[in-house]
Protein chains: 4
Amino acid sequence: MIKVTVWNEAVHEKFSREVARVYPDGIHGCIKDFLSLDDEIEVRTATLGMKECGLPDQVLEDTDVLIWWGHMAHGKVPDKLVDKIYDRVLRGMGLIVLHSGHHSKIFKKLMGTTCNLSWREGDRERLWLVNPSHPIARGVDPCFELDVEEMYGERFDIPEPDQLIFLGWFAGGEVFRSGCCWQKGLGRVFYFQPGHESNPTYHNENVQKVITNAVHWVYPANGIAEKLECPHIKKSPEEIYKERNNG
Amino acid sequence: MIKVTVWNEAVHEKFSREVARVYPDGIHGCIKDFLSLDDEIEVRTATLGMKECGLPDQVLEDTDVLIWWGHMAHGKVPDKLVDKIYDRVLRGMGLIVLHSGHHSKIFKKLMGTTCNLSWREGDRERLWLVNPSHPIARGVDPCFELDVEEMYGERFDIPEPDQLIFLGWFAGGEVFRSGCCWQKGLGRVFYFQPGHESNPTYHNENVQKVITNAVHWVYPANGIAEKLECPHIKKSPEEIYKERNNG
Amino acid sequence: MIKVTVWNEAVHEKFSREVARVYPDGIHGCIKDFLSLDDEIEVRTATLGMKECGLPDQVLEDTDVLIWWGHMAHGKVPDKLVDKIYDRVLRGMGLIVLHSGHHSKIFKKLMGTTCNLSWREGDRERLWLVNPSHPIARGVDPCFELDVEEMYGERFDIPEPDQLIFLGWFAGGEVFRSGCCWQKGLGRVFYFQPGHESNPTYHNENVQKVITNAVHWVYPANGIAEKLECPHIKKSPEEIYKERNNG
Amino acid sequence: MIKVTVWNEAVHEKFSREVARVYPDGIHGCIKDFLSLDDEIEVRTATLGMKECGLPDQVLEDTDVLIWWGHMAHGKVPDKLVDKIYDRVLRGMGLIVLHSGHHSKIFKKLMGTTCNLSWREGDRERLWLVNPSHPIARGVDPCFELDVEEMYGERFDIPEPDQLIFLGWFAGGEVFRSGCCWQKGLGRVFYFQPGHESNPTYHNENVQKVITNAVHWVYPANGIAEKLECPHIKKSPEEIYKERNNG
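Everything numeric here is computed off the predicted structure, so don't read it as measured data. (Residues numbered from 1 in each chain as written. Chains lettered and ligands numbered in written order. Predicted model: local features only at pLDDT ≥ 70, side-chain atom pairs only at ≥ 80, totals over all residues.)

Caption draft 1: Representation of the overall build of chain A. For chain A, the count of helices and strands is eight helices and nine strands. For chain A, the C-alpha radius of gyration of 20 Å lies close to 18 Å, the compact-globule estimate for 247 residues. Taking the principal axes of its C-alpha atoms as reference, chain A extends roughly 75 × 40 × 35 Å. Taken across its 247 residues, chain A has 56% of its residues classed as buried. (Helix = DSSP H or I, 4+ residues; strand = E, 2+ residues; numbered from the N terminus. Rg over C-alpha atoms; globule rule 2.2 N^0.38 Å. Buried ≥ 20, exposed ≤ 12 C-beta atoms within 10 Å, placed from the backbone.)

If you want it as structure tokens, here you go:
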């Protein structure tokens, strides 16, 4: 079983009727619902308002894949928690960052760039698959539309992705690298641009497939390391080799 | 001086009044004209109709950067010539492939893929710079428009570019990786999508800057190797080291 | 089930007692034996001496993953067969190229480079894992030794790998990018350097794990396309969108 | 002129006679000396012990390329200064990180990984050029030796380099990705492994060429941006286009 924790700041849902209508159980609730349909995935949710932001050590250390949605309240996530998540990603935990999470502390820290972009409200988007044989693309349409989505446009200040999976086309004239993969330390990171809080994006079938596939792709199949090491080697491999062979 | 040879099949220019009106001296003539404004560049042109396709050994071996425009007549370029160009790129010669050159023999051979794409006539394009600090982007607008351009859309069957410089947005709804860089052997390759024969694309100031910058970027600053080698090492570096130090 | 075909030119095995002693059933036989221990893998073998080189259409089109070992007889593999393999890789088939297969027609065609390297007989190698969380590294030791292996040294003329998995250290003083991954078209390609015909390399437990893992990694999980297309779009996505919404 | 600032913590030089003997003017002094031989480079030095660590705003904002050597005193570099350097790299400043600088705050922040490695004192190294046509390799020997150098071995916890230039071979049996390039934001970063404080590495001619070439390569030829922006677009490109064309 892949243990997924869906983290959502869950602030918009409280203050906006519009958002609450689209996501009555929160964005995290919606994501949990569709992920739960996958027999290999076990999901829990966590939100900013919970004790320790919903991510005390016993939860974080029991998470294989963390999904992150945040927007208004990036600054309220404690640096210490960010450091723990960072450490766990580098040890192997998978991380999926959604939409406005591009400016979350954890994503910026992992990318080592500003993750800035240009943005504009309420446009229409069409997503194009540029890497159809990638595991994240499995069963996803070569191109699909989102009737309303916030425009995120280039230049997106990220390190060149290891693999580029989706490009976004916006009716207003912009383009975006909408689905990007990186390896950081032992962990895999996937960023997916769609998902503004007031749009029904996470109800879209293609979007659900992408996120479900991404859970499988970022899953640390080789395990999560116990700690990060910088070993001082006292005896060289050649010394060991020679001892073994001359002994 | 950078020795550039602009190769054009120059077939459309002969049969289409429309094309001849846009490029009275051929596409190659237009490219030669704007490149000649750069003091560090020395340009000659070559066309399919010339003897040995305009690329006899003494021309090819005197070329630092080859620019390639072809479309209707890809099949008429002899395989032997393609092999020579391929060999010279791998030894260091820079190569810039324009527009419909995506299906030229030399580009497909270097990419090791089909270089297929989807296409549609007569659309409007907007190009977005995704890598503004790259040498090819120097002085180029962050985004610029081409009122008429052939649509080239994803999926573009190329190996993941080493650097992605431009993304193209089309009014009809498609996107494209419009400016891509690769290193192949000792040579640098740049593909640039705009430039349909009947459109005044090569008169566009931004397009001219991109191609001029690309000439500088693909230029083999470390030189062009005389031949490609697969050396059989008779004495190991460690044997040589020990002889030298115990001698 | 993953359908694997292990192809071997199987020439050395016939002419050299030494090779025959190390691989009494041929290199292909040895690889078949250890792959067969994996319940998800179904293996057959094919050799140069068989009718149609052991790869008639019905075999090739029934292969998910092709493993390639060749050396002396690269030139005897017909270009037409190479074209068919190339086409199938670009449509999704996985390809694992071993050792001297670096100079096989199929590998050079996919790489679009010479795949030259420097080489020297009979050294000792130590392989280092540089990407331990990659699926190909699963369960593999962070570093392992091969008492006798042919030296393959840099510069290896390949396009920059999408992922570098292993580096090889040679006692004689050279280094090599010994395990490299690329995506070409819809297919995944893995090159693995160890495996000289007269050395018991394919009996090594770590080597067997690497090749078995590689079979899973190059397997085309999203399927193999029926054909390669370059579609002419007659109606743009935006026209279709507008018709659908104004109908 | 390229304005280079060579930063050195310059602590070892004070406490160790051995280091002071090898670098009587400090490591920074040695680097300044050989860089000054290049007519296009203007060099100044800065050390930890100077006011504001030698990098007050007027110095940092007048620097095109920053070279960084640190080891014992990484922790003494104030976070605020690191943030300023980080910001300037993302705006375009080139950065060259040497040897033990792999654990400097600025390098770890830019990489977004631990930058851990394995290490061992006092070995012998041979560097191999894997990308001879890269500008950083210009005029550098395809392979060169350092009689004494600290061993840095894999796994090096860095994001997959955009370009890998050098591999290091150590007599004791390890390998290392010794010369690596990345683009971060608008800036270029080069990491070069040799250069332990007590070894005469920076007196080596090949090492001097590599660092001099790297200065040219990381130089921000397209300029340094004044600030990092995340623009809110009020009017879409298509609205502007339509107004302009219907006006």
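Caption draft 2: Local environment of unusual backbone geometry. Going from Glu154 of chain C to Arg155 of chain C, the amide bond is cis rather than trans, its omega being 10°. Topologically, Arg155 of chain C is positioned in the loop between strand 6 (143-153) and strand 7 (163-170). One non-glycine residue, Cys53 of chain B, lies in positive phi territory at about 60°. A tally of 19 C-beta atoms within 10 Å means that Cys53 of chain B is categorised as partly exposed. Phi angles above zero are rare outside glycine, and His99 of chain C is one such case at about 45°. One can find His99 of chain C in the loop between strand 4 (94-98) and helix 6 (105-111). Its 25 C-beta neighbours within 10 Å are what place His99 of chain C among the buried residues.

Caption draft 3: Region of the structure containing the relation of the copies chain A and chain D. Superposition record for chain A on chain D: RMSD 0.0 Å, screw rotation 180°, translation along axis 0.0 Å. In short, the pair behaves as if placed about a two-fold rotation axis. Across chain A, the rotation axis passes nearest the C-alpha of Gly112 of chain A, at a separation of 2.5 Å. An overlap of 97% is found between the interface residues of chain A and their copies at the interface of chain D, pointing to a shared contact surface. (Least-squares fit on C-alpha atoms with pLDDT ≥ 70 in both. Contact = placed C-beta atoms within 7 Å.)

Caption draft 4: Up close: the interface of chain A and chain D. Taken together, the contact between chain A and chain D spans 35 residues of the former and 34 residues of the latter. Breaking the side of chain A that touches chain D down by element, the ones donating at least two residues are helix 6 (105-111), strand 5 (118-129), strand 8 (175-184) and helix 8 (237-246) of chain A. Across the side of chain A that touches chain D, the residue classes tally to 14 nonpolar, 12 polar and nine charged. (Nonpolar A, V, L, I, M, F, W, Y, C, P; charged D, E, K, R; others polar.)

Caption draft 5: Quick look at the relation of the copies chain A and chain C. Overlaying chain A with chain C gives an RMSD of 0.0 Å, the required rotation being 180° about an axis along which the chain moves by 0.0 Å. Most of the interface of chain A is mirrored in chain C, where 100% of its interface residues again form contacts.

Caption draft 6: Representation of the sheet that holds strand 7 of chain C within the structure. All names here are of chain C. Strand order across the open sheet formed by nine strands is 2-1-3-4-9-8-7-5-6, with mixed pairing between neighbours. The open sheet has two edge strands with one neighbour each: strand 2 (41-47) and strand 6. Ignoring strand direction, the axes of neighbouring strands in this sheet form an average angle of 25°. In the packing of helix 5 (residues 79-91) onto the sheet, the strands contacted are strand 3 (65-69), strand 4, strand 8 (175-184) and strand 9 (187-192), and the crossing angle to strand 9 comes to about 115°. Against the sheet, helix 7 (residues 205-218) touches strand 1 (2-8), strand 2, strand 3, strand 4, strand 6, strand 8 and strand 9, its axis set at about 165° to strand 9. (Pairing = 2+ DSSP bridges. Axes fitted to C-alpha atoms, helices over the stretch in contact; angles between N-to-C directions.)

Caption draft 7: Structural detail: the interface of chain A and chain C. Listed per partner, the contact involves 15 residues of chain A and 15 residues of chain C. Elements represented by at least two residues in the side of chain A that touches chain C include exactly strand 6 (143-153) and helix 8 of chain A. Considered class by class, the residues forming the side of chain A that touches chain C number nine nonpolar, three polar and three charged.

Caption draft 8: How the structure looks around the sheet that holds strand 1 (residues 2-8) of chain D. Residues and elements named next belong to chain D. In spatial order, the strands read 2-1-3-4-9-8-7-5-6; together these nine strands make up an open sheet with mixed pairing. The outermost strands of the open sheet, each flanked by one partner alone, are strand 2 (41-47) and strand 6 (143-153). The mean angle between the axes of side-by-side strands here comes to 25°, regardless of whether they run parallel or antiparallel. As judged from the six bridges shared by strand 7 (residues 163-170) and strand 8 (residues 175-184), these two strands associate in the antiparallel manner.

Caption draft 9: View of the confidence of the model for chain A. Per-chain confidence: chain A averages 97 in pLDDT, with 100% of residues scoring 70 or above. Scoring the predicted complex yields pTM 0.98 and, for the interface, ipTM 0.97. (pLDDT = per-residue confidence, 0-100.)

Caption draft 10: Quick look at the pairing of strand 1 of chain C. Residue and element names in this part refer to chain C. Most of strand 1 is tucked away: five of the seven residues are buried. In terms of strand pairing, strand 1 meets strand 2 through seven bridges, oriented parallel. Within strand 2, the residue paired with Asn8 across the bridge is Thr47. Looking at chain direction, strand 1 and strand 3 are connected through five bridges and run parallel. The residue of strand 3 that forms the bridge with Val6 is Ile67.

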